[in-house]
Amino acid sequence: DLRRRYGDLAKPDIVFFGEALPDRFYELSHKDLRACDCLLILGTSLQVYPFASLAEIVRPGTPRVLVNREKVGRNVGLQFDIEGSTDLFIDGDCDEGVRQLAQLFGFSEE
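The following refers to the structure shown. (Residues numbered from 1 in each chain as written. Predicted model: local features only at pLDDT ≥ 70, side-chain atom pairs only at ≥ 80, totals over all residues. Heavy atoms only, no water.)

## Details of the layout of surface pockets
Line of reasoning, step 1. Estimates place the volume of the largest pocket at around 160 Å³.
Line of reasoning, step 2. For the largest pocket, the full set of lining residues is V15, F16, F17, G18, E19, L21, Y26, V48, Y49, P50 and F51.
Line of reasoning, step 3. In terms of residue class, the lining of the largest pocket is built from nine nonpolar, one polar and one charged. (1 Å grid on protein atoms, 1.4 Å probe; cavity = no way out; pocket = protein on both sides within 12 Å on 5 of 7 lines; lining within 4 Å. Points joined across faces, edges and corners; volume = space filled by probe spheres on them. Nonpolar A, V, L, I, M, F, W, Y, C, P; charged D, E, K, R; others polar.)

Printed below as a string of structure tokens:
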């Protein structure tokens, strides 16, 4: 029994679904996202808020890359099939999609 062996139960340093996010999230997310050069969005339905709304915070024209098994994100303004859009969809699982991105950027050896 873990409790007897290690003492009282410990909560991991994560936020579970339905729990309040830490104040630090709200303090830094807008500033950080407005400063990013490219937003990677990995493996999500983009239906759970406030995280889904993060894709909308980046500066206009900032590339947003969704690596996912489904093309989602219309609800947060992602536009994959519109000429001139800076949004990119990579169809597939996250591990393979990130490998493809790494290779494109010359990081395949690392």
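## Comments concerning the pattern of salt bridges
Line of reasoning, step 1. Counting across every chain of the model gives four salt bridges.
Line of reasoning, step 2. For the salt bridge of R59 with D37, the shortest nitrogen-to-oxygen distance reads 3.9 Å. Placement of R59 in the loop between β1 (39-42) and β2 (64-68) and of D37 in the loop between α2 (23-35) and β1 is noted, with a sequence separation of 22 residues between them.
Line of reasoning, step 3. Judged by its relative accessible area of 63%, D37 is exposed.
Line of reasoning, step 4. D81 is the salt-bridge partner of K71, the closest N and O atoms lying 3.3 Å from each other. One end of the pair, K71, is in the loop between β2 and β3 (87-91); the other, D81, is in the loop between β2 and β3, and 10 residues separate them in sequence. (Salt bridge = Lys/Arg side-chain N within 4 Å of Asp/Glu carboxyl O. Helix = DSSP H or I, 4+ residues; strand = E, 2+ residues; numbered from the N terminus. Buried < 20%, exposed > 50% of the residue type's maximum accessible area, 1.4 Å probe, protein only.)

## A closer look at the nonpolar core
Line of reasoning, step 1. Within the largest apolar cluster, 17 residues are counted, with the highest numbers of intra-cluster contacts made by L33, L39, I41, L46, V76 and L78.
Line of reasoning, step 2. Listed by contribution, the elements that provide at least two residues to this core are α2 and β1. (Core = buried A, V, L, I, M, F, W, Y, C linked by side-chain atoms within 4.5 Å.)

## Section: the environment of P50
Line of reasoning, step 1. Position of P50 relative to the elements: it lies in the loop between β1 and β2.
Line of reasoning, step 2. When the C-alpha atoms of P50 and Y26 are compared, they prove to be 9.8 Å apart, with 24 residues separating the residues in sequence.
Line of reasoning, step 3. With sequence-adjacent residues up to four places away left out, P50 is seen in contact with L21, F25 and Y26. (Contact = heavy atoms within 4.5 Å.)

## A short note on a nonpolar patch on the surface
Line of reasoning, step 1. Together, L40, L42 and V98 give the surface a local cluster of nonpolar side chains, amounting to about 240 Å² of exposed area.
Line of reasoning, step 2. Among the structural elements, V98 can be located in helix α3 (residues 94-104).
Line of reasoning, step 3. For V98, a relative accessible area of 37% gives the class partly exposed. (Patch = residues over 30% accessible without salt bridge, like charges linked within 9 Å, V, L, I, M, F, W, Y side chains within 5 Å. Areas by Shrake-Rupley, 256 points an atom, 1.4 Å probe, with all protein chains shown as cover.)

## Notes on α2
Because each turn of an α-helix spans 3.6 residues, side chains separated by three or four positions in sequence point in the same direction.
Line of reasoning, step 1. The largest bend along α2 reaches roughly 40° and is located at S29.
Line of reasoning, step 2. Every buried residue of α2 is listed here: F25, S29 and L33.
Line of reasoning, step 3. Buried-residue contacts for α2 involve β1. (Bend = angle between axes of the 7 residues up to and from the residue.)

## Considering the environment of T86
Line of reasoning, step 1. Summarising the element assignment, T86 is placed in the loop between β2 and β3.
Line of reasoning, step 2. As for T86 and V98, which are separated by 12 residues in sequence, their C-alpha atoms are 18 Å apart.
Line of reasoning, step 3. A polar contact of 3.4 Å, which involves the side chain of T86, links it to the backbone oxygen of T62. (Polar contact = N/O pair within 3.5 Å; in protein donor to acceptor, adjacent residues only side chain to side chain.)

## Some words on the side chain of T62
Line of reasoning, step 1. Along the chain, the position of T62 falls in the loop between β1 and β2.
Line of reasoning, step 2. Residues in contact with T62, not counting those within four places in the same chain, are C36, D37, C38, L39 and T86.

Just geometry here; none of it tells us what the structure is for.
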